[in-house]
Structures are given as structure tokens and as C-alpha cells.
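Notes for the structure review
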Amino acid sequence: WEAFDPEAGENARTVDFLVGGRLTVTLEWADKPAAPAWGDCTIATDDVTELGYELADAATSAVFDSVDIDAAPAACTTTLEWTNVPFATWTLTVDGRAASSATATWHAECTDIVVDAVTGNTATCQVPMTAT
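Okay, so let's go over this structure. Here the structure is a predicted model, which means the values were calculated and not measured. (Residues numbered from 1 in each chain as written. Predicted model: local features only at pLDDT ≥ 70, side-chain atom pairs only at ≥ 80, totals over all residues. Heavy atoms only, no water.)

Focus: the nonpolar core
- Within the largest apolar cluster, 31 residues are counted, with the highest numbers of intra-cluster contacts made by Leu27, Trp29, Trp82, Leu92 and Trp106.
- Listing elements by their share of this core, those giving two or more residues are strand 1 (20-30), strand 3 (50-57), strand 6 (79-86), strand 7 (88-97), strand 8 (105-115) and strand 9 (121-127). (Core = buried A, V, L, I, M, F, W, Y, C linked by side-chain atoms within 4.5 Å. Buried < 20%, exposed > 50% of the residue type's maximum accessible area, 1.4 Å probe, protein only. Helix = DSSP H or I, 4+ residues; strand = E, 2+ residues; numbered from the N terminus.)

Details of the pattern of salt bridges
- All chains considered together, the criterion is met by four salt bridges.
- Arg22 is the salt-bridge partner of Glu81, the closest N and O atoms lying 3.4 Å from each other. With Glu81 in strand 6 and Arg22 in strand 1, this pair connects stretches of sequence that are 59 residues apart.
- A relative accessible area of 45% means that Glu81 is categorised as partly exposed.
- A salt bridge links Glu50 to Arg97; the nearest nitrogen and oxygen atoms lie 2.6 Å apart. Separated by 47 residues along the polypeptide, Glu50 in strand 3 and Arg97 in strand 7 bring together distant segments of the chain.
- Residues joined in a network through salt bridges with shared partners are Glu50, Asp70 and Arg97. (Salt bridge = Lys/Arg side-chain N within 4 Å of Asp/Glu carboxyl O.)

Examining the pairing of strand 1
- Of all 11 residues that make up strand 1, eight are buried, and the element is covered over most of its length.
- With six bridges connecting them, strand 1 and strand 6 associate as antiparallel partners. When the sheet's bridge partners are listed, Gly21 is paired in strand 6 with Val85.
- The pairing of strand 1 with strand 9 spans seven bridges and is classified as parallel. In the sheet register, Trp29 faces strand 9, and the bridge partner there is Val127.
- With two bridges joining them, strand 1 and strand 2 (residues 38-39) adopt antiparallel strand pairing. Of the residues in strand 2, the one forming a bridge with Trp29 is Gly39. (Pairing = 2+ DSSP bridges.)

And the structure:
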């Protein structure tokens with residue numbers, strides 16, 4: 001931050017505010033590849049234990065945040081949340097896997113996630129099981 005002491009009269013000053021919002025995405029995991037039920041990380045016979053994701057601007061492909069499932073996976077969750085996400089339309093790509101990746105894997109590309117307010121930006125992303 002840079003200090004600014006306004007004085008009487010015109011105070012010409014360029015201010016660059018980063019405007020963005022809070023985005024909350026609920027993840028629903030599939031219990032099987034065909035005709036799935038949707039639920040939390042333990043809905044499938046083999047629990048979803050790890051996940052990776054990428055949140056990218058749909059228009060520019062600029063990545064806002066990512067977690068590499070192969071290099072440093074995150075623990076499975078049903079909620080992803082970010083703050084100060086620029087106002088835009090986003091694509092969230094999600095990958096999940098069971099403790100043994102040969103046992104079960106999940107993948108989804110959730111599109112048209114809109115951030116256009118400071119608060120209240122929510123979406124649901126269903127993540128299908130792609131292999132058992």
C-alpha cells in the first residue's frame with residue numbers, strides 16, 4: 001500500500017482496484033459410470049481420495065487456480081471455494097481418483113460458471129466416474 005493524503009481541491013490519483021468475487025463450487029461425485037447416483041467422496045465402492053482441478057477463464061484460457069493431481073493432489077472434498085475471482089465466465093476441470101488409481105477414476109469439465117458479483121457466485125459440478 002502507498003499512503004495518500006488528500007488535499008483541498010483536485011486530487012488526481014490513479015487507483016487500480018482488483019474487482020472480483022467469491023466463488024463456491026459444490027462437487028458431486030458419481031458412484032458408478034452408468035446411471036450414477038451423486039454424492040460425497042465416499043458414495044462409490046472405492047472412495048474418491050484425491051483430486052486435482054483447474055479453474056480457467058472460458059474466454060482467454062487464463063488459469064486462475066489449479067491443483068495437479070499427479071504432482072501434489074488435494075484430498076477429496078465436496079466444496080471448492082475461491083475469493084477475488086475476476087468477473088468472467090469460468091471452466092472448472094476436475095479429476096479424481098481412488099487410493100489405487102487403477103481402481104476408479106473421475107473426470108468432469110464444468111462450463112459456464114459465472115462470477116458476476118462480489119458474493120453469491122455458486123455452481124454445482126457433477127463429476128462422473130470414468131473407469132472402475
